[in-house]
Amino acid sequence: MQGIVSILKIVLPLVVSLGIGFFARKRDILSPEAIEGMKTFVMKFALPAMLFGLFFTAEYEPSILLFAATMFTLGFIGLGLGFLIGKPLEKRSPMLKFMTAGWEVGMLGYALYALLLGAENLRYLALLDFGHVLFVFSGFTAALSAHLGCSSKESLKALVRNPIPWAMVIGAALAIFGVSRALAPSGVTDLIKTLCNFVSAPLSCVILIVVGYGIEFSGKNFATAAISVAIRSLVCAALCVAALLILGALMPLSDPMRWAIIILFITPAPYIMTMYTRNEQERADVSMSLSLQTIVTVLEFIVITIIIR
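None of these values were measured; they are calculated from a predicted model.

Cut-offs applied
- Residues numbered from 1 in each chain as written.
- Predicted model: local features only at pLDDT ≥ 70, side-chain atom pairs only at ≥ 80, totals over all residues.
- Heavy atoms only, no water.
- Axes fitted to C-alpha atoms, helices over the stretch in contact; angles between N-to-C directions.
- Helix = DSSP H or I, 4+ residues; strand = E, 2+ residues; numbered from the N terminus.
- Left-handed = near helix turned anticlockwise from the far one by under 90°.
- Contact = heavy atoms within 4.5 Å.
- Nonpolar A, V, L, I, M, F, W, Y, C, P; charged D, E, K, R; others polar.
- Buried < 20%, exposed > 50% of the residue type's maximum accessible area, 1.4 Å probe, protein only.
- Salt bridge = Lys/Arg side-chain N within 4 Å of Asp/Glu carboxyl O.
- Core = buried A, V, L, I, M, F, W, Y, C linked by side-chain atoms within 4.5 Å.
- Phe/Tyr/Trp six-rings, centres within 6.5 Å; stacked < 30°, edge-to-face > 60°.
- Lys NZ or Arg CZ within 6 Å of the ring centre and 35° of its normal.

Some thoughts on the packing of helix H4 (residues 105-117) against helix H12 (residues 255-266)
Then, number 1: In the contact formed by H4 and H12, the axes pass within 10 Å of each other and the chain directions differ by 145 degrees. The way H4 lies across H12 gives a crossing that is right-handed. Here Val105, Gly109, Leu112, Tyr113, Leu116 and Leu117 of H4 come into contact with H12, specifically with Pro256, Trp259, Ala260, Ile263 and Leu264.
Then, number 2: For the contact of H4 with H12, the residue count by class is ten nonpolar, one polar and no charged.

This is how it looks when you write it as structure tokens:
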């Protein structure tokens, strides 16, 4: 009985939060504008606050930075594999070649990892995400922008205006130069950490409600979505094994480190992909693909929870 309760402590908040979002759309309880407001809160305030707090108070060793470098490199490998595999499927959907790279860490990964291993271990996922964010706003958005016919200059502007990488960089820089340690005796470091924790406290629930709201089902696009799940699952599994082997060879991996890698690679493709579609058909294909990928992610997460609990 205790084993079942420990699993439900993780799975039930996930399912209920997703269900709230899903039925809020079905019953018109929340408007699309309200959801956009919640997304803005997550991406502009809650997530940057959490990441700043994590990087500001983290202990840095040269070896741990390998997490970011590995993720940055694997992102480009995943993108290259997508273009290679997706080329024969171009007529079915031009967006399939983008489905093997980029991971929805911000809007899903952090929420899942915190449920499973606690917020105190989020720094490991954050270090992976740092390399991932650099990849997304360099190679990934450049490729998506080229798909739309946009310039790389616009991708650079998006990176500069995004508070998430700035929160990571500034927090890490202050920690590396000893600012957080210097302020610790006065209690200012704890004050900053408490403030960041307070702003980001509703993060997991809000994220999962937004994700649940975006889940859509359409039989018309199901075949394309199923193909995207199959291709992405194979590529991400290979990249996950590569990450575990590479990082495991370079440094000892604790369980929270290993699960950070695994959780990241089971997340769906970035939800921002819908912004880079050229027509309604592409948008419908991407929306259905992301919805099905999200459902698969949730099911995989439940299986992982059962295994380790």
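Still more ground to cover, so stick around.
Here we look at unusual backbone geometry
Then, number 1: Located in the positive-phi region is Asp28, a residue other than glycine, with phi close to 55 degrees.
Then, number 2: Turning to its location among the elements, Asp28 is positioned in the loop between helix H1 (2-26) and helix H2 (32-57).
Then, number 3: Look at Asp28 and you get exposed, because its relative accessible area is 66%.

Focus: the pattern of salt bridges
Then, number 1: Applying the stated criterion across every chain yields a total of four salt bridges.
Then, number 2: Measuring nitrogen to oxygen at the nearest pair gives 3.5 Å for the salt bridge that ties Lys39 to Glu36. Linking Lys39 with Glu36, this pair stays in helix H2, spanning three residues, or about one helical turn.
Then, number 3: Here Glu36 falls in the partly exposed class, since its relative accessible area comes to 44%.
Then, number 4: A salt bridge links Glu90 to Lys97; the nearest nitrogen and oxygen atoms lie 3.1 Å apart.

Regarding the nonpolar core
Then, number 1: Of all hydrophobic cores here, the largest spans 81 residues; its most connected members are Leu51, Tyr110, Tyr113, Phe140, Phe265 and Met273.
Then, number 2: No other element matches helix H5 (residues 122-148), which puts 13 residues into this core.
Then, number 3: Discounting residues that sit within four places of it in the chain, Tyr110 has contacts with Leu47, Met50, Leu51, Val105, Leu122, Leu125, Ala126, Asp129 and Met168.

Thoughts on the packing of aromatic side chains
Aromatic rings considered in pairs are described by the distance between their centres and by the relative angle of their planes.
Then, number 1: Inspection of every chain in the model, using the stated rule, returns eight aromatic pairs.
Then, number 2: Ring plane angle 75 degrees and centroid distance 5.0 Å describe the contact between Phe76 and Phe135, whose orientation is recorded as edge-to-face. With a gap of 59 residues between them, Phe76 in helix H3 (residues 66-86) and Phe135 in helix H5 connect regions that are remote in the sequence.
Then, number 3: Judged by relative accessible area, which is 35%, Phe76 ranks as partly exposed.
Then, number 4: Overall, the relative accessible area of 0% leaves Phe135 in the buried class.
Then, number 5: Pairwise contacts between aromatic rings join Phe72, Phe76, Phe135 and Phe140 into one cluster.
Then, number 6: Lys97 extends its terminal NZ or CZ atom over the ring of Phe83, reaching a point 5.8 Å from the ring centre.

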